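Descriptive structure summary
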Amino acid sequence: MFQKTSFTTLIVGVFIVYVLHTCWVMYGIVYTKPCDNPKSDKCISPYLAGKPRLQLSIYTALRPNTEGGHSLIHREEDFDVNTRFERLVNVSLPKKTRKNGTLYAMVFVHQAGMSPWQDPRQVHMVTQLTAYMLPKPPEVSLITGEDEAQKQEQKSTPGDDLLDRPVSHWRSRLTLNIVAENFLFDREALPSDVHRYMKVYQSGRKMVYLPLLFIDQLSNRVKDLMEINSSTTEMPLTISYDTIALGKLRFWIHMQDAVYSLQQFGFTEKDADEIKGIFVDTNLYFLALTFFVAAFHLLFDFLAFKNDISFWKQKKSMVGMSSKAVLWRCFSTIVIFLYLLDEQTSLLVLIPAGIGSLIEVWKVKKAFKIYVIWKGVKPAFMFGKSDESERRTEEYDSLAMKYLSYLLYPLCVGGAIYALVFVKYKRYSGVYAFGFLFMLPQLFVNYKLKSVAHLPWKAFMYKAFNTFIDDVFAFIITMPTSHRLACFRDDAVFLIYLYQRWLYPVDKTRVNEYGVSYDEDLKGKAHKD
């Protein structure tokens, strides 16, 4: 008969299938089948193969069409599609744009010596040079209530409600790309993502496609936005151009569509910007590595949560476990989650932190043996009693907290005074530091008991793998600096735990002196002195 398959094996199997399917889809995106017979009428030839003389013209307009009027801001004479360049121009802002309006850029690639409005061989694209964002909130001092810069601003600002109204911001970068390779498309196998960027015309019996012009929206980052006010008459615009491979173009099109879809599903501009940063700030090879790292991170997160819950669900005794560390870890995890939520960090970091907070609350209930009895709609709380072995562990736990308080109290007072005087914004960095300190009592309990058999090693190892994955994410995903440092903080604790595991080896064939079995298969075995 069929052997029973564990839930973990099933999840790993689904994960492998998902990774293989994703690799196949990615291959289908970056690879385009060329036309087999160049002389066939089914082939679509490139216009650039004839090496025509081209010109690049960029206009601004109040509307995404010619009805709103247009103004020339830059013209590139004798435009060579194979030559990379970067230009800095100053753009005059119309009065409507300065009054919280919009402005568009119209980019034309056309034949040299001809007006883009009259050239039948021209290609053009339109993009928005402005975006609506909430203004940056003021930074306040805990002593004075505001800093000098904000005092100056508030004198000229009619009300605080303006901070809740989106205002027009200037996109300071315009990134253009053209596919310069002479690729022959098969008319019967034309990719749909390229089709909407393609403009073709009939030349005899053959079809010819004009240059594939692409405006990179992923390069528009929130950090590059500049607020527009009524007194601003000009804004700087960096125009950069480079060639792009066909495979990368198709990949970029899919990524832009994905970011747009996420925003339609409720992702904020901040979340979308984090995803843009992953694509823009890394090359494609590192991006592929990032995908596998992210996939394994989600897998290990799930397995760690699953095994952690299984361990604590079966745990009946707190022998060898630091209950105070569990309590503080619950508190610090909740505060860190609220901090990440307030900082609007990436959902890749925020969602696991929220799930972990709920699990830590449940652990506190188990650790302190809290029972909730409902009397109608009014809950009543009852606490269980500790046996002699648990009381011995609590003595070591209290002794560890006593030694730790010698370091904790000065840090707490000093950090509060420093934040009160110097910090002009909300910070929870102390929670990360104290979270590190409160991981130490468990190490002290392990040292006094000369045992690590009471720890949930399966869940711990999955979290350890995620610790090193977090080290990679610390340089990829935008997150608060204190949370980034906390990733490396966990590395040190993990190494100490590994040293203790080597120092206090576990005999898997017996139950330890506290009646707790390391091996799950031996959990029903009775203890004998």
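Residues numbered from 1 in each chain as written. Predicted model: local features only at pLDDT ≥ 70, side-chain atom pairs only at ≥ 80, totals over all residues. Heavy atoms only, no water.

1. Some remarks on the overall build of the chain
- A tally of regular secondary structure across the chain gives 14 helices and 17 strands.
- Burial status across the chain gives 43% buried among its 529 residues.
- Summarising the internal contacts of the chain: among those between residues at least 6 apart in sequence, 77% fall at separations of at least 24.
- Here the chain has roughly 30,300 Å² of accessible surface; of this, 60% comes from carbon and sulfur atoms. (Helix = DSSP H or I, 4+ residues; strand = E, 2+ residues; numbered from the N terminus. Buried < 20%, exposed > 50% of the residue type's maximum accessible area, 1.4 Å probe, protein only. Contact = heavy atoms within 4.5 Å. Areas by Shrake-Rupley, 256 points an atom, 1.4 Å probe, with all protein chains shown as cover.)

2. Regarding helix α8 (residues 323–342)
- Here α8 spans 29 Å end to end across 20 residues, near enough to the 28 Å set by a 1.5 Å rise per residue.
- Inspection of α8 places Ser323, Ala325, Val326, Trp328, Cys330, Ser332, Thr333, Val335, Ile336, Tyr339 and Leu340 among the buried residues, and these make up the whole buried set. (Expected span 1.5 Å × (residues − 1).)

3. A short note on the UniProt feature "transmembrane region" (unreviewed entry) in the chain
- In this structure's numbering, the residues bearing the UniProt feature "transmembrane region" (unreviewed entry) are residues 7–30, 284–305, 326–341, 347–364, 406–425 and 431–449.
- Taken end to end, residues 7–30 is 100% helix and 0% strand, and its first and last C-alpha atoms sit 35 Å apart.
- When the span residues 326–341 is considered, its composition is 100% helix and 0% strand, and the gap between its end C-alpha atoms is 22 Å. (UniProt positions renumbered as here; feature names shortened; annotations may be inferred.)

4. Notes on the pattern of salt bridges
- For the structure shown, the criterion picks out 10 salt bridges.
- In this structure, Glu76 engages Arg87 in a salt bridge whose closest nitrogen and oxygen atoms are separated by 2.8 Å. Note that Glu76 is positioned in strand β3 (residues 71–79) and Arg87 in strand β4 (residues 85–92), a separation of 11 residues in sequence.
- Classification of Arg87 as partly exposed rests on a relative accessible area of 31%.
- Close ionic contact of Glu360 with Lys363 constitutes a salt bridge, the shortest N to O distance being 3.3 Å. With Glu360 and Lys363 both in helix α9 (residues 347–367), this residue pair falls three residues apart, about one helical turn.
- Overlapping salt bridges bring together Arg329, Glu360 and Lys363 as one network. (Salt bridge = Lys/Arg side-chain N within 4 Å of Asp/Glu carboxyl O.)

5. Details of the side chain of Thr97
- Counting through the fold element by element, Thr97 comes out in helix α2 (residues 95–98).
- For Thr97, a relative accessible area of 0% corresponds to the buried category.

6. Overview of helix α5 (residues 246–264)
- Under the 1.5 Å per step criterion, the end-to-end length of α5 is 27 Å for 19 residues, consistent within 8% with the ideal 27 Å.
- For α5, the set of buried residues is Leu246, Gly247, Leu249, Arg250, Phe251, Trp252, Ile253, Met255, Gln256 and Val259.

7. Focus on the sheet that holds strand β8 (residues 167–171)
- Pairing within the open sheet is antiparallel, and its three strands lie in the order β7-β8-β14. If you trace the sheet from one side to the other, it starts and ends with β7 (130–133) and β14 (225–227), each paired once. Averaged over all adjacent pairs, the angle separating strand axes in this sheet is 45°, with direction ignored.
- Sheet analysis places β7 next to β8, joined by four bridges and oriented antiparallel. Each residue of the ladder has a partner; that of Met133, found in β8, is Val167. (Pairing = 2+ DSSP bridges. Axes fitted to C-alpha atoms, helices over the stretch in contact; angles between N-to-C directions.)

8. Let's talk about the state of the cysteines
- Under the definition given, this model contains one disulfide.
- Residue pairing for Cys35: its cysteine sulfur links by disulfide to Cys43, the two sulfurs lying 1.7 Å apart. With the S-S dihedral at roughly -70°, the linkage between Cys35 and Cys43 falls on the left-handed side.
- Cys43 gets classed as buried once you look at its relative accessible area, which sits at 2%. (Disulfide = S-S within 2.5 Å.)

9. Topic: the nonpolar core
- Core analysis: the largest hydrophobic core is formed by 33 residues, its most contacted members being Phe79, Trp170, Leu174, Leu176 and Leu237.
- Sort the elements by how many residues they give to this core and strand β15 (residues 234–243) lands first, with four residues.
- Discounting residues that sit within four places of it in the chain, Leu174 has contacts with Ile58, Ala105, Val107, Thr127, Ile215, Leu237, Thr238, Ile239 and Ser240.
- In terms of nonpolar packing, the next biggest core, distinct from the first, is built from 23 residues, Phe185, Met207, Leu218 and Phe251 among them. (Core = buried A, V, L, I, M, F, W, Y, C linked by side-chain atoms within 4.5 Å.)

10. Things to note about the sheet that holds strand β11 (residues 200–203)
- Taken together, the four strands give an open sheet; going across it, the order is β10-β1-β12-β11, and neighbouring strands pair in mixed fashion. The open sheet is flanked by β10 (185–186) and β11, the only strands paired with a single partner.

11. A closer look at the packing of aromatic side chains
- All chains considered together, the criterion is met by 14 aromatic pairs.
- Judged by centre distance (5.8 Å) and plane angle (35°), the rings of Tyr499 and Trp502 are tilted. In this pair, Tyr499 and Trp502 are both assigned in helix α14 (residues 481–503), three residues apart and thus about one turn of the helix distant.
- Classification of Tyr499 by relative accessible area gives partly exposed; the value is 47%.
- The cationic tip of Arg121 hangs over the ring face of Tyr201; the distance from NZ or CZ to the ring centre is 3.8 Å. (Phe/Tyr/Trp six-rings, centres within 6.5 Å; stacked < 30°, edge-to-face > 60°. Lys NZ or Arg CZ within 6 Å of the ring centre and 35° of its normal.)

12. Structural notes on the side chain of Arg250
- Considering the arrangement of structural elements, one finds Arg250 in helix α5.
- Among the residues examined, Arg250 registers a relative accessible area of 8% and is labelled buried.
- Here the side chain of Arg250 touches Asp193 through a polar contact of 3.1 Å, side chain to side chain.
- Once residues within four sequence positions are removed from consideration, Arg250 is found in contact with Gly28, Ile29, Tyr31, Thr32, Pro191, Asp193 and Val194. (Polar contact = N/O pair within 3.5 Å; in protein donor to acceptor, adjacent residues only side chain to side chain.)

13. A short note on the pairing of strand β2 (residues 54–61)
- β2 sits mainly inside the fold: eight of its eight residues count as buried.
- Where burial is concerned, the two faces of β2 agree: the one with Leu54, Leu56, Ile58 and Thr60 and the one with Gln55, Ser57, Tyr59 and Ala61 are both buried.
- Across six bridges, β2 lies against β3 in antiparallel orientation. Its bridge partner lying in β3, Leu54 is registered against Phe79.

14. Quick word on the confidence of the model for the chain
- For the chain, the average pLDDT comes to 76, and 74% of its residues sit at 70 or higher.
- Counted against residues more than four places away or in other chains, residues 425–431, with its pLDDT under 50, gives 11 contacts.
- Overall, residues 520–529 carries pLDDT values under 50, and its contacts beyond four positions in sequence, including any with other chains, amount to 15 contacts. (pLDDT = per-residue confidence, 0-100.)

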